Amino acid sequence: MVFFKFLKSKLSQFMTKTNRLVILRHGESDFNIENKFCGWHDAPLSEFGVQEALTVAIPALAQSELEFDVVYSSVLSRSRQTAELILSKLNCAYVPIKEDWRLCERHYGNLTGCRKRMVADRYGEEQVQAWRRGYDCVPPPIDEKNRYFYTICSNPIFDDVPRGEFPLAESLHMCVDRVKPVWKEVRREVFEGTRVLMCVHGTVARALVQHIEGISNEAIEKVNIPNCVPRVYEFDLKTGGLVGAAINLGDQEYIRRKTAQVAAIGD
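Residues numbered from 1 in each chain as written. Predicted model: local features only at pLDDT ≥ 70, side-chain atom pairs only at ≥ 80, totals over all residues. Heavy atoms only, no water.

The next subject is the pairing of strand 5 (residues 231–236). The buried fraction of strand 5 is high, at five of six residues. Direction of pairing for strand 1 (residues 18–25) relative to strand 5: antiparallel, over a ladder of six bridges. The residue bridging Val 22 from the neighbouring strand is Val 232, located in strand 5. (Buried < 20%, exposed > 50% of the residue type's maximum accessible area, 1.4 Å probe, protein only. Helix = DSSP H or I, 4+ residues; strand = E, 2+ residues; numbered from the N terminus. Pairing = 2+ DSSP bridges.)

It is worth spelling out the side chain of Gln 210 at this point. Within the secondary structure, Gln 210 is located in helix 9 (residues 202–213). Among residues more than four places away in sequence, those in contact with Gln 210 are Tyr 135, Val 176, Ile 215, Ser 216, Asn 217 and Ile 220. (Contact = heavy atoms within 4.5 Å.)

It is worth spelling out the nonpolar core at this point. If you look at the biggest cluster of nonpolar residues, it comprises 29 residues, and the most contacted ones within it are Val 71, Ile 86 and Leu 197. Put simply, the parts of the chain that give this core at least two residues each are strand 1, helix 3 (47–63), helix 4 (77–89), strand 4 (196–200) and helix 11 (252–263). A total of seven residues in this core trace back to one element, the largest contributor, which is helix 3. Setting aside residues no more than four positions away along its own chain, Leu 197 makes contact with Val 22, Leu 24, Phe 68, Val 70, Val 71, Tyr 72 and Ile 86. If you look at the next biggest cluster of nonpolar residues, it comprises 28 residues, including Leu 172, Val 190, Ile 212 and Val 223. (Core = buried A, V, L, I, M, F, W, Y, C linked by side-chain atoms within 4.5 Å.)

A few words now on the pattern of salt bridges. Under the counting rule described, the total for this entry stands at 13 salt bridges. Close ionic contact of Glu 84 with Arg 80 constitutes a salt bridge, the shortest N to O distance being 2.8 Å. With Glu 84 and Arg 80 both in helix 4, this residue pair falls four residues apart, about one helical turn. You can call Glu 84 partly exposed: its relative accessible area is 37%. Put simply, Arg 117 and Asp 121 hold a salt bridge, and the shortest N to O gap is 3.6 Å. Taken together, the residues span about one helical turn, with Arg 117 and Asp 121 both in helix 5 (residues 116–123) at a distance of four residues. Residues joined in a network through salt bridges with shared partners are Glu 67, Asp 69 and Arg 195. (Salt bridge = Lys/Arg side-chain N within 4 Å of Asp/Glu carboxyl O.)

In space, the six strands of this open sheet follow the order 3-2-4-1-5-6, with mixed pairing throughout. The sheet terminates laterally at strand 3 (97–99) and strand 6 (247–248), the two strands that pair on one side only. Pairing analysis gives five bridges linking strand 1 to strand 4, with the strands arranged parallel. Residue pairing in the sheet places Arg 25 in a bridge with Val 200 of strand 4. Sitting on the sheet, helix 4 is in contact with strand 1, strand 2 (70–73), strand 3 and strand 4, with an inclination near 140 degrees to strand 4. (Axes fitted to C-alpha atoms, helices over the stretch in contact; angles between N-to-C directions.)

In C-alpha cells form, the structure reads like this:
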C-alpha cells in the first residue's frame, strides 16, 4: 500500500504541467560602475557588464538547460545588449526580443547622473535610502539644469511613450504600476506555454517580484537584485500558482556578496 501511494505521488508529480519564467537584471552599466543614479539615461553596458553577462548569466542559464521562445527587454541599450549577448552565446539569436518602454528602469529624476555617495553626504544616508528604496518616495523631478535632461527627453527610443505619461521622476510604487500591464501580457504567454526570459532593470525586477510573489510594499523595499543572476520562477499551468520559491541560479556566495553590494550606498 505504501509503495502504491508513493507511485501515485510520483505519477501525479510527473503529470503536472509547469512552465518557467526567468527574470534577469542586465549587466552593470558605466553608471553602475561609477555608482551614479542612472534611471532613464541610456548608459551602455560597461566592459565589466559585458563580462558579467558572459561569465555569470550565460553559464548559469546553459548549465540549467533553459531554453526560450521570446525575450522581453526595455528600450534602454543596457537591457537590450544583455539580451542579445545571452541569445548569441546560447546559440539562439533567432529568438525574438520584444522591447517595451514600460520595462525601463525607474526614473530617478534630478538624481540622474549624481554619485550616490555625494548625494548621501549632502542629504544624509537616510534620505538617499528613502529615494532608492522607499515605496512611495519620489525623488526631485529632473529639470533643465540637469545635464541629462535634454538627452533623455529628446531620445527617440522613447517615442512610443504616450503624451502625458513621460515621467520626470518616479517612486518604486509608480514603477510597479507602470510594469503591471506588461506583466499581465507576460503571464498570459507563460500560461500558454511560452518560455520567457525578461532582461530588465533592478527596480523593474523588484516590481515583477512583487507582482509574482504578492509580497507587501514594506517587504519589497528590502529586496535587492544583483546584476546578471537569473531568477527562475516555475508555475503550475493548471492552477496558476507558483511551484516552490524562486531560485537564483549560480554560485550562492557570489550572489550573497553581490546582493549586499546592491543594498549598500557605496563609495
